[in-house]
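Read off the chains here:
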Amino acid sequence: MRLAFVLAEIGSGLRRNLSMVVSVILVTFVSLTFVGAAGMLQLQINQMKGYWYDKVQVAVFLCSDGSTAPGCASGPATPEQQANLRKLLQSPAVAQYVNDFQFESKDEAYKHFKEQFSNSPIVDSVTPDQLPASFRINLKDPEKYEVISENFSSQAGVESVIDQRQLLERLFSAMNAASLVAVSVAGVMIVCAILLIATTIRLSAFSRRRETGIMRLVGASKMVIQLPFILEGVIAAVIGAALASGTLWAVAHFFLGGVLSKQYPDTAFISPAQTLLLAPALIGLGVLLAGTSSLLTLRRYLRV
Amino acid sequence: MIRFENVTKVYDQNARPALDSINLEIDRGEFAFLVGASGSGKSTFLRLVLKEDRASSGAVYVAGQNVAKISSWRVPRLRRGIGVVFQDFRLLPQKTVFANVAFAMQVIGRSRSVIRETVPEVLKTVGLEGKENRLPHELSGGEQQRVAIARAVVNRPGILLADEPTGNLDPTTSMGIMGVLDKINQNGTTVVMATHDDDIVNEMRKRVVELRNGVVIRDEARALYTSMIPVVGQSRRLRDASGREPSDFGAANGEAQHAGEGKL
Ligand SMILES: Nc1ncnc2c1ncn2[C@@H]1O[C@H](COP(=O)(O)OP(=O)(O)O)[C@@H](O)[C@H]1O
Ligand SMILES: [Mg+2]
């Protein structure tokens, strides 16, 4: 009976305040979408770290026809220079840091390039000559990049030494910055959501003050009086959180899965299923927001 | 049933207390009128019984319990034992007579079958048989007050507090309401009614507690609205203050100032 009563009260409250309830839904939807976006970026970073960190290498690029680096003043790397570099890699001073290494010739580089950009017109304008040959080195400890850099960058025939890991770190820090922005926007929106929920509950309590006054006098418990208001806010927030989760799923499914993964086939994007892991967190956050905000409001505006 | 021990209530430090060292006991099953001009502290008395407000000093006992010692989560239980009726009825306008009375049972978790059984009984007690499905605006003032009384007693409280329940009603209708309250009192409920309706008090011949400026100036059994015993000191004090004889005119002025103050 009491449950039926509380449910009926919630229903009438939601109907009575429909426009406010809709705005609570929208505000929580937008704010939680930003929270979720930050979460997705973090998931993506972790995913890429896991995927790339055992694959990333230090690349020692050899001078080619078009090289402009000072070390390449004497033209493309000669086979002797290439053999010297290989010897250096196998010398004990360097080999102790190296797991293994491969040589990637110009033709192989071209092949990889073509694979990577298969659906981009840039492929047609590139020839094997323009791509440098390189040694691809797997380090035992990726942090020891300096060793390779010191030993190889001044060698004859070397154009440059590039730590792919550093490139990735730059990408990750950009993604981290983006998720920080998303979190800040989410923070502002969450403040909006809290205030709006508080206002909604206040209006709701005001429009039902007759009922609550009578409930108080006939001895209804605090819970029976307050629960409909709290649940009203919580239900609106949960709907908002569900919409946010749906949006994230759609982004993962249609944008990451449908568009980006075609453009960057060798990048591991998070799957739509992974974004659904965020849904419970978002819904929990929505419940927490609405619950605390309405509890605090009721304490002030609905005397029991 | 209700006992006030040296109870003082101060709302505003700069004003005189609303109630000033009240000592009073109302027994189980009694019917007591609380009379006095507006602002004399009648509503404040009732609010303290309900623990709507806390006494500034002294102790209020309801059914043997010091209400100051009742923790906030047990206040609802205190209130279930007390029915309240107001001058302005306070019905829910969009609910039928039946639903208004049933509301008081729903919110404390009574089962549907108990509600369906009890509400018609109580409506019969207050004389509203056959009006179950009317909306409040389809009822006369007296009938609306009967609905309010039905709602106040439907959970069978031991105490019924009525704050000027006939204040909005004409004399004939008021007498009908008094009949209902008397019947409820006959069934064993303690009734405390705040009023300044002298005809009713004179007609009923019940205990009368008269308040003036928050002080009990008279407590008589089977009494009239105005005392038969002249209170010499009191009238002199009033004359000194206003420069003229105390009269009904003075009381009426007081009414006007506090009119529309039906809150409890
Ligand atoms: N909530 C309140 N805040 C401040 N003063 C109040 C409040 N309620 C009543 N009073 C004052 O207390 C005194 C007694 O009021 P009340 O108990 O309502 O008298 P009555 O019901 O006899 O008209 C009055 O002077 C009134 O102005
Ligand atoms: Mg009053």
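Here, every reference points to the structure presented above.
Note that the coordinates shown come from a computational prediction; the quantities given were computed from them, not determined experimentally. (Residues numbered from 1 in each chain as written. Chains lettered and ligands numbered in written order. Predicted model: local features only at pLDDT ≥ 70, side-chain atom pairs only at ≥ 80, totals over all residues. Heavy atoms only, no water.)

Draft legend 1. Focus on a negative patch on the surface. All names here are of chain A. A surface patch of negative charge is lined by Asp65, Asp107, Glu108 and Asp129. As for its position among the elements, Asp129 is in the loop between helix 5 (106-116) and strand 3 (134-139). A relative accessible area of 47% places Asp129 in the partly exposed class. (Patch = residues over 30% accessible without salt bridge, like charges linked within 9 Å, V, L, I, M, F, W, Y side chains within 5 Å. Areas by Shrake-Rupley, 256 points an atom, 1.4 Å probe, with all protein chains shown as cover. Salt bridge = Lys/Arg side-chain N within 4 Å of Asp/Glu carboxyl O. Lys, Arg positive; Asp, Glu negative; His and termini not counted. Charge placed at Lys NZ, Arg CZ, Asp CG, Glu CD. Helix = DSSP H or I, 4+ residues; strand = E, 2+ residues; numbered from the N terminus. Buried < 20%, exposed > 50% of the residue type's maximum accessible area, 1.4 Å probe, protein only.)

Draft legend 2. Main features of empty space enclosed by the protein. A complete count under the given rule lists two cavities of 30 Å³ or more for this structure. In this model, the largest cavity occupies a volume close to 140 Å³. Taken together, 14 residues line the largest cavity, and the ones lying closest to its centre are A:Leu217, A:Val218, B:Gly83, B:Val84 and B:Ala152. Going through the elements one at a time, helix 8 (209-217) of chain A together with helix 2 (75-80), strand 6 (82-86) and helix 5 (141-153) of chain B are the ones with two or more residues in the lining of the largest cavity. For the lining of the largest cavity, the element with the highest residue contribution is strand 6 of chain B, accounting for four residues. Of the residues in the lining of the largest cavity, the class split is nine nonpolar, two polar and three charged. Residue lining of the second largest cavity: A:Val21, A:Val24, A:Ile197, A:Thr200, A:Glu232, A:Gly233 and A:Ala236, and that is the complete set. Every element with two or more residues in the lining of the second largest cavity is listed here: helix 2 (18-52), helix 7 (164-207) and helix 9 (222-263) of chain A. In terms of residue count, helix 9 of chain A provides more of the lining of the second largest cavity than any other element does, three residues in total. (1 Å grid on protein atoms, 1.4 Å probe; cavity = no way out; pocket = protein on both sides within 12 Å on 5 of 7 lines; lining within 4 Å. Points joined across faces, edges and corners; volume = space filled by probe spheres on them. Nonpolar A, V, L, I, M, F, W, Y, C, P; charged D, E, K, R; others polar.)

Draft legend 3. Local environment of the pattern of salt bridges. Applying the stated criterion across every chain yields a total of 16 salt bridges over all chains. The shortest N-O distance in the salt bridge between B:Asp219 and B:Arg207 comes to 2.8 Å. Note that B:Asp219 is positioned in strand 10 (residues 215-220) and B:Arg207 in strand 9 (residues 207-212), a separation of twelve residues in sequence. Of the charged contacts, one joins B:Arg218 and B:Glu220 as a salt bridge, the two residues approaching to 2.8 Å between their closest N and O atoms. What makes B:Glu220 partly exposed here is its relative accessible area of 21%. Beyond isolated ion pairs, a larger network of salt bridges with shared partners links A:Glu9, A:Arg208 and A:Glu232.

Draft legend 4. Structural view of the sheet that holds strand 1 (residues 2-9) of chain B. All names here are of chain B. Reading across from one edge, 2-1-4-5 is the order of the four strands in this open sheet, with antiparallel pairing throughout. Both outer strands of the open sheet, strand 2 (19-26) and strand 5 (65-66), are each paired with one neighbouring strand and no more. Direction of pairing for strand 1 relative to strand 4 (residues 57-62): antiparallel, over a ladder of five bridges. Its bridge partner being in strand 4, Arg3 is matched across the sheet by Tyr61. (Pairing = 2+ DSSP bridges.)

Draft legend 5. Representation of helix 3 (residues 97-106) of chain B within the structure. Burial of helix 3 of chain B is extensive: seven of the ten residues sit out of reach of the surface. Along its buried surface, helix 3 of chain B packs onto helix 1 (2-16) and helix 8 of chain A together with helix 4 (112-125) and helix 5 of chain B. (Contact = heavy atoms within 4.5 Å.)

Draft legend 6. The arrangement of the packing of aromatic side chains in detail. Under the criterion given, the structure shown has five aromatic pairs over all chains. Arranged with centres 4.0 Å apart and planes meeting at 10 degrees, the rings of B:Phe4 and B:Phe45 form a pair that is stacked. With B:Phe4 in strand 1 and B:Phe45 in helix 1 (residues 42-49), this pair connects stretches of sequence that are 41 residues apart. Ring pairs connect the aromatic residues A:Phe101, A:Phe103 and A:Phe135, which therefore count as one cluster. One Lys or Arg, B:Arg3, reaches over the ring of B:Tyr61 and ends 4.3 Å from the middle of that ring. When the ring centre of B:Phe86 is taken as origin, the NZ or CZ atom of B:Arg90, which lies over that ring, is 3.7 Å away. (Phe/Tyr/Trp six-rings, centres within 6.5 Å; stacked < 30°, edge-to-face > 60°. Lys NZ or Arg CZ within 6 Å of the ring centre and 35° of its normal.)

Draft legend 7. Spatial organisation of the environment of B:Val209. Residue and element names in this part refer to chain B. Position of Val209 relative to the elements: it lies in strand 9. By relative accessible area, Val209 is classed as buried at 1%. In sequence terms Val209 and Ala221 are twelve residues apart; their C-alpha atoms lie 8.7 Å from each other. Among residues more than four places away in sequence, those in contact with Val209 are Leu24, Phe33, Leu34, Val35, Val216, Arg218 and Asp219.

Draft legend 8. Broad picture of the interface of chain A and chain B. With 17 residues of chain A in contact, the opposing surface of chain B contributes 25 residues. Here chain A packs against chain B, burying approximately 1,900 Å² in sum over the two surfaces, 61% of which is carbon and sulfur. Our count for the chain A to chain B interface comes out at one salt bridge. Across the salt bridge formed by B:Glu52 and A:Arg216, the nearest N and O atoms sit 3.0 Å from each other. No other element matches the six residues that helix 8 of chain A contributes to the side of chain A that touches chain B. Per-class residue counts for the side of chain A that touches chain B are ten nonpolar, two polar and five charged. (Buried area = accessible area lost by both parts, 1.4 Å probe.)

Draft legend 9. Spatial organisation of the side chain of B:Arg151. Following the sequence through the fold, B:Arg151 ends up in helix 5. Buried within the structure, B:Arg151 lacks any salt-bridge partner; its nearest side chain of opposite charge belongs to B:Asp88, at an N-O separation of 7.7 Å. Look past the residues within four positions of B:Arg151 in its chain and what remains in contact with it is A:Ile214, B:Phe89, B:Arg90, B:Leu91, B:Leu92, B:Asn100, B:Val101 and B:Ala104.

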